[in-house]
Structure formats: structure tokens, C-alpha cells
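Descriptive structure summary
The lines below spell out each chain.
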Amino acid sequence: MSDTTGTTVIPVAGASPYDVTIGRDILSLVGSALPEGARKVLIVHPPTLSAQAERLREMLGVDRQVLLAEIPDAEQGKRVEVAAFCWQVLGQADFTRTDAVVGFGGGAVTDLAGFVAATWLRGIAVVQVPTTVLGMVDAAVGGKTGINTAEGKNLVGAFWPPAAVVCDLDLLDGLSRNERVAGFAEVVKAGFIWHPEILDLIEADPEAAVDPRSDAFRRSIELAIDMKAKVVGEDLREAGLREVLNYGHTLGHAIEHAERYQWRHGAAISVGMMFAAELSRLAGRLPDAAAQRHRDILETLGLPTSYRSGAWRQLLATMQRDKKTRGSMLRFIVLDDIAKPTVLQAPDESLLFAAYQEVGA
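Residues numbered from 1 in each chain as written. Predicted model: local features only at pLDDT ≥ 70, side-chain atom pairs only at ≥ 80, totals over all residues. Heavy atoms only, no water.

**What about the overall build of the protein?**
In terms of regular secondary structure, the protein is built from 14 helices and eleven strands. Summarising its shape, the C-alpha atoms of the protein cover approximately 60 × 45 × 35 Å along the three principal directions. Of all 361 residues assigned to the protein, the portion counted as buried reaches 57%. Taking as baseline every contact in the protein between residues at least 6 positions apart, the subset at least 24 positions apart corresponds to 73%. Carbon and sulfur atoms make up 50% of the accessible area of the protein, which totals about 14,000 Å². Each charge sign in the protein was given a centre, from 36 positive and 46 negative side chains, and these centres are 5 Å apart. (Helix = DSSP H or I, 4+ residues; strand = E, 2+ residues; numbered from the N terminus. Buried < 20%, exposed > 50% of the residue type's maximum accessible area, 1.4 Å probe, protein only. Contact = heavy atoms within 4.5 Å. Areas by Shrake-Rupley, 256 points an atom, 1.4 Å probe, with all protein chains shown as cover. Lys, Arg positive; Asp, Glu negative; His and termini not counted. Charge placed at Lys NZ, Arg CZ, Asp CG, Glu CD.)

This is how it looks when you write it as C-alpha cells:
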């Protein structure tokens with residue numbers, strides 16, 4: 001797609017098409033991505049990015065009024081009270097339908113910023129500037145926005161495609177290895193359901209795969225975004241193909257809920273993928289070697305593949321409330337083989353329990 005010095009543009013098709021731009025030192029592109037008539041812009045950001053948000057404000061503020069809204073980091077920012085705070089800022093500054101929001105942060109920030117944009121005046125433009133691996137490959141691409149409630153994750157939200165997504169890889173250089181690896185779980189998912197080349201890159205050199213300065217890292221990021229772009233371009237509202245992106249997420253979201261969102265999303269999804277692989281294997285679909293490949297790759301990266309064995313009943317109850325169910329019917333994305341995802345509908349509870357025994361610790 002691109003070498004490490006150029007800029008890569010991945011188009012996302014659909015009723016509201018947009019581009020995802022990947023490169024280094026490209027924050028200046030945010031201004032040109034904003035709607036031409038946007039005279040006011042709200043940058044939503046976490047406390048850890050205050051200095052960078054101020055720099056971005058100066059870039060955008062030449063002929064615009066640019067405001068900053070600092071919100072709590074991670075999942076604590078995805079609450080209705082935080083959304084209400086942003087609505088208050090927009091209202092007091094008289095934001096109109098031609099103005100815009102910029103989501104500048106990790107996946108939780110872009111989820112919240114997108115939701116605020118989708119709901120203000122029934123929808124104003126949002127430009128997403130993800131600053132984490134997870135944000136770049138998953139949350140900021142695809143138009144899903146949302147907040148959490150006491151009952152579960154992302155149960156309140158809207159489909160609202162961004163005007164553009166700008167992925168500046170320079171923003172990843174300061175992240176710890178643990179941060180990068182946690183986000184990389186979604187990249188691994190893309191390898192298992194769509195682009196096996198990602199798995200090959202990890203197996204060839206696990207350290208290079210999670211090093212933002214390596215060719216292997218950039219290639220993996222671009223492949224993961226390419227997958228997301230193709231899927232959501234065809235199916236924005238999860239009526240069909242997009243459902244494959246939920247691989248590992250049904251159990252993963254239940255684990256996040258059980259941990260009161262103190263676990264990293266990627267860690268929970270890693271366990272969820274391992275569960276989905278074992279479920280696929282026990283259902284007679286996935287070869288043993290492919291299930292073992294899940295365990296080997298995830299553990300090589302330092303991602304978890306097990307969770308508390310005594311938590312099954314709680315997790316099952318949470319999964320039954322998940323937005324991916326149909327009525328009371330549980331649905332899981334499973335694999336017939338690597339890069340061959342399919343749906344397993346209403347599996348017997350004994351099969352689910354047996355699969356969980358394989359990841360219980």
C-alpha cells in the first residue's frame with residue numbers, strides 16, 4: 001500500500017463516503033478535512049493530550065473559533081454526563097449545523113466525540129484523529145458511536161460516519177509497549193478474520209510487529225484499516241457482513257463489563273477471541289491447529305488468553321443482554337478456518353460452557 005515515508009489513503013465507501021489517511025506528521029491535514037463552512041470547532045480530548053490538543057487548536061484556529069473539551073480518559077469518558085458536558089459547551093458557543101467536532105484521543109474519546117456530533121442538532125460533522133492503535137484500526141473507522149450505561153457497553157449510540165479520519169503515526173511513538181499491544185488485539189482480529197498476512201508478520205517478528213517505526217507495524221495497521229473500510233463500506237448498520245467484526249467481542253464485552261471497564265479493551269477481546277476459537281473448534285468447524293495458532297500468537301504478544309473460571313454465569317447473563325443478540329438468541333462469530341468467518345446462532349449452552357472451560361483459569 002505504501003512505504004514508511006509516504007501517506008496512504010484508504011477510502012471508505014457507502015452513502016457518506018470518506019477517507020482514512022495514514023502517515024507521519026500529518027496533523028496539518030485535519031484543517032482541510034473539516035467542512036468548508038465550519039466556523040466553530042470543538043476538539044474533544046483526554047487530559048493526557050492537553051498539550052497536543054492545544055497545538056492542534058492553534059493549527060485549526062487561523063480563521064475559526066476552536067474550543068477544547070477535556071474529558072475523562074478511557075471508558076470513564078463514555079458516560080451520558082460527559083456527553084451532556086460537551087452538549088453544554090456546544091450550546092453555549094452557539095454551534096450550528098455547519099460547525100464540527102474533532103475527536104482527538106483513543107477509541108473511547110472518538111466514540112464519545114462521534115456520539116456528541118451525531119446528536120447535536122441531529123448531526124454535525126466529526127473528524128476523527130485517533131491517537132492509539134485501537135482508535136486507528138477500530139473505533140475511529142466505521143461510523144459507530146456510543147456511550148456506556150450501567151447495563152452494558154455501547155448500548156446507547158448512533159451510526160454516524162466521520163467526514164474524515166486522520167491517523168498520524170507520530171502520535172503512537174510515545175505509547176508504552178503495553179498500550180500498543182493492547183490495541184494490537186484488534187489488528188490480530190483482522191488477521192484471523194480477513195488478512196492472514198498480519199498473522200504472518202507477527203509470527204515472523206513479534207517485536208517488530210508492535211514497533212510503530214517498523215515496516216511490519218505500518219503494514220499491519222494499513223491491512224487492519226483496509227479490512228474495516230471494506231466491511232463498513234458495504235454494511236454500515238451491521239445488517240450482514242459487518243457482523244464479522246464482532247469476532248471475540250461477545251465474550252470480550254462481557255468481561256469488560258464484569259471488570260467495570262478496568263481491563264483494557266484489547267485484553268478482553270483477546271480472551272474473547274480465544275473463546276471464539278475454542279467454540280469454533282468444539283463446534284467442529286475450526287481445525288485444532290488454527291485454534292492453537294490463536295493461543296500462540298496472542299500469548300507471544302503478551303495478551304491474555306484466559307479469565308476467571310468461576311465467572312461463567314455472570315458473563316453468560318451479560319452476553320444475553322448484548323446488543324448483538326436477536327431477541328434472546330445468542331449469536332457468535334466463529335471461524336470455519338483462518339479468514340473464513342461465519343455465524344453460529346443459538347449454540348447449546350453446554351457447548352458454550354465447554355468452550356469457556358478451555359479459557360477458564
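**Considerations on the pairing of strand 8 (residues 152–159)**
On a regular strand, each side chain points to the face opposite its neighbour's, so the side chains alternate between the two faces of the sheet. Relative to strand 8, strand 7 (residues 144–149) runs antiparallel, the two sharing five bridges. By the bridge assignment for strand 8, Thr149 is matched with Gly152. Linking strand 7 to strand 8, which pair antiparallel, is a turn of two residues. (Pairing = 2+ DSSP bridges.)

**Re the pairing of strand 6 (residues 125–130)**
Within strand 6, five of the six residues are buried, leaving the element largely enclosed by the surrounding structure. This β-α-β element, strand 5 (residues 100–105) to helix 4 (residues 107–119) to strand 6, shows right-handed connectivity. (Right-handed = clockwise from strand over helix to strand, strands pointing away.)

**Observations concerning empty space enclosed by the protein**
Taken as a whole and assessed by the stated rule, the structure comprises three cavities of 30 Å³ or more. When its volume is computed, the largest cavity comes out at roughly 90 Å³. Looking at the largest cavity, it is lined by 13 residues, and the ones nearest its centre are Gly152, Lys153, His253, Thr318 and Asp322. Going through the elements one at a time, strand 8, helix 10 (249–258) and helix 13 (312–320) are the ones with two or more residues in the lining of the largest cavity. Considering each element in turn, the lining of the largest cavity owes the most residues, four residues, to helix 10. Residue composition of the lining of the largest cavity, grouped by class: three nonpolar, five polar and five charged. Of the pockets and cavities examined, the second largest cavity occupies roughly 50 Å³. Lining the second largest cavity, in full, are Asn246, Gly248, His249, Thr250, Leu251, Gly272, Phe275, Ala276, Phe332 and Ile333. For the lining of the second largest cavity, the secondary structure elements donating two or more residues are helix 10, helix 11 (265–282) and strand 10 (331–337). Taken together, the residues of the lining of the second largest cavity sort by class into five nonpolar, five polar and no charged. (1 Å grid on protein atoms, 1.4 Å probe; cavity = no way out; pocket = protein on both sides within 12 Å on 5 of 7 lines; lining within 4 Å. Points joined across faces, edges and corners; volume = space filled by probe spheres on them. Nonpolar A, V, L, I, M, F, W, Y, C, P; charged D, E, K, R; others polar.)

**Comments concerning the packing of aromatic side chains**
A complete count under the given rule lists six aromatic pairs for this structure. Arranged with centres 6.2 Å apart and planes meeting at 40°, the rings of Phe275 and Trp312 form a pair that is tilted. Of this pair, Phe275 sits in helix 11 while Trp312 sits in helix 13, placing them 37 residues apart in sequence. Here the aromatic cluster, defined as three or more aromatic residues joined through ring pairs, consists of Phe275, Trp312, Phe332 and Tyr356. (Phe/Tyr/Trp six-rings, centres within 6.5 Å; stacked < 30°, edge-to-face > 60°.)

**Some words on the pattern of salt bridges**
Within the structure shown, the criterion is met by 23 salt bridges. Residues Lys228 and Asp138 are paired through a salt bridge, measuring 3.2 Å at the closest nitrogen-oxygen approach. Of the two residues, Lys228 is situated in helix 9 (residues 215–234) and Asp138 in helix 5 (residues 133–139); the sequence distance between them amounts to 90 residues. For the pair Lys228 and Asp138, a shared accessibility class is recorded, and that class is buried. Between Asp200 and Arg293 there is a salt bridge whose closest N-O contact spans 3.1 Å. Taken together, the positions of Asp200 in helix 7 (residues 197–204) and Arg293 in helix 12 (residues 288–301) put the pair 93 residues apart, joining distant regions of the chain. (Salt bridge = Lys/Arg side-chain N within 4 Å of Asp/Glu carboxyl O.)

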